[in-house]
Amino acid sequence: MDMTISSSFLPQVDPEASVAFYRDVLGFEVRLDVGYGDMRWITVGPKDQPDTAIVLHPPAVGHDITADERETILALVAKGTYFGINLAADDLDATFAQIAAAGVDVVQEPVDQDYGVRDAAVRDPAGNLIRIQQRVKGQD
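Residues numbered from 1 in each chain as written. Predicted model: local features only at pLDDT ≥ 70, side-chain atom pairs only at ≥ 80, totals over all residues. Heavy atoms only, no water.

### Some words on the nonpolar core
As a rule of thumb, nonpolar side chains are buried together in soluble globular proteins. To keep it simple, the criterion reads: Among buried residues, those of type Ala, Val, Leu, Ile, Met, Phe, Trp, Tyr and Cys that are joined through side-chain atoms within 4.5 Å constitute a nonpolar core. Three labels apply to residues, based on accessible area from a 1.4 Å probe with only protein chains included: buried if under 20% of the type maximum, exposed if over 50%, partly exposed otherwise in between. Think of it this way: any DSSP run of H or I at least four residues long counts as a helix, any run of E at least two long counts as a strand, and we number them from the N terminus. Residues are treated as being in contact if the distance between any of their heavy atoms lies within 4.5 Å.
The biggest cluster of nonpolar side chains holds 22 residues, and the ones touching the most others in it are Phe21, Tyr22, Leu26, Ile54 and Ile130. Mapped onto this core, the elements with two or more residues apiece are α1 (15-25), β3 (39-45), β4 (53-57), β5 (84-89), α3 (92-101), β7 (118-123) and β8 (129-134). In terms of residue count, α1 provides more of this core than any other element does, four residues in total. Setting aside chain neighbours within four positions, we find phenylalanine 21 in contact with Leu26, Val104, Val122, Arg123, Asp124, Pro125 and Ile130.

### Considerations on the layout of surface pockets
For the record, the criterion: Grid points spaced at 1 Å over the protein atoms alone were grouped into cavities, where a 1.4 Å probe fits but cannot get out, and pockets, open sets with protein on both sides within 12 Å along at least five of seven lines, with lining residues defined by an atom within 4 Å of a point. Grid points are joined across faces, edges and corners, and a volume is the space filled by probe spheres set on the points.
Here the largest pocket defines a volume of roughly 1,100 Å³. As for the largest pocket, its lining consists of 30 residues, and the residues nearest its centre are Pro46, Gln49, Leu87, Ala88 and Arg135. For the lining of the largest pocket, the secondary-structure elements that each account for two or more residues are α1, β4, β5, α3 and β8. No other element matches the five residues that β5 contributes to the lining of the largest pocket.

### Some words on the pairing of strand β6 (residues 105-112)
Put simply, the rule reads: Pairing between two strands is assigned when DSSP locates at least 2 bridges connecting them.
Summarising the sheet, β6 and β7 pair through five bridges and their orientation is antiparallel. Paired with valine 106 across the bridge in β7 is valine 122. Between the antiparallel neighbours β6 and β7 lie five residues, among them glycine 116 with a positive phi of about 100°.

### With respect to the sheet that holds β7
Short version of the rule: Every axis in this analysis is a line fitted to C-alpha atoms, fitted for helices over the stretch in contact. Angles between the N-to-C directions lie between 0 and 180 degrees.
With mixed pairing, four strands are arranged side by side in an open sheet as β5-β8-β7-β6. The two strands at the open ends of the sheet, each matched to only one other strand, are β5 and β6. Averaged over all adjacent pairs, the angle separating strand axes in this sheet is 15°, with direction ignored. The pairing of β7 with β8 spans five bridges and is classified as antiparallel. Residue aspartate 119 lies in a different strand from β8, and its bridge partner there is glutamine 133.

### Considerations on the environment of isoleucine 5
With respect to the helices, strands and loops of the structure, isoleucine 5 is situated in the segment before β1 (7-11). For isoleucine 5, a relative accessible area of 64% puts it in the exposed group. In this structure, the C-alpha to C-alpha distance between isoleucine 5 and alanine 53, residues 48 residues apart in sequence, is 8.5 Å. Residue contacts for isoleucine 5: discarding those within four places in its chain leaves Asp51 and Thr52.

This is the structure we're talking about:
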């Protein structure tokens, strides 16, 4: 079997803030930006990885979600415990310094973890946890 990850999904609650974060802070390209009414789906991804993308979507939309479920989902998104993604960088410290200088919500500065990786963490405008790991040479 030959499979790859094509896209993953993260909620966004402010499309403009999300575009600014992923495009201007992380340097991703915006590949699709589609909407209908007050709903907007934005696909972003690293410029050198055209086959891998993140779809930023409005959370808790649809007719099959109750008002209570919607409230719970939005509370979890705002808390930052519902969604997240791990990224990797060749130079974690330089990458983190550049991201932190943009004024993002820093959760954890770069640190060597007991389980063998060096990583840092920030939150995107919706509260999603973005962990950034030091890429190990030979690891793709």
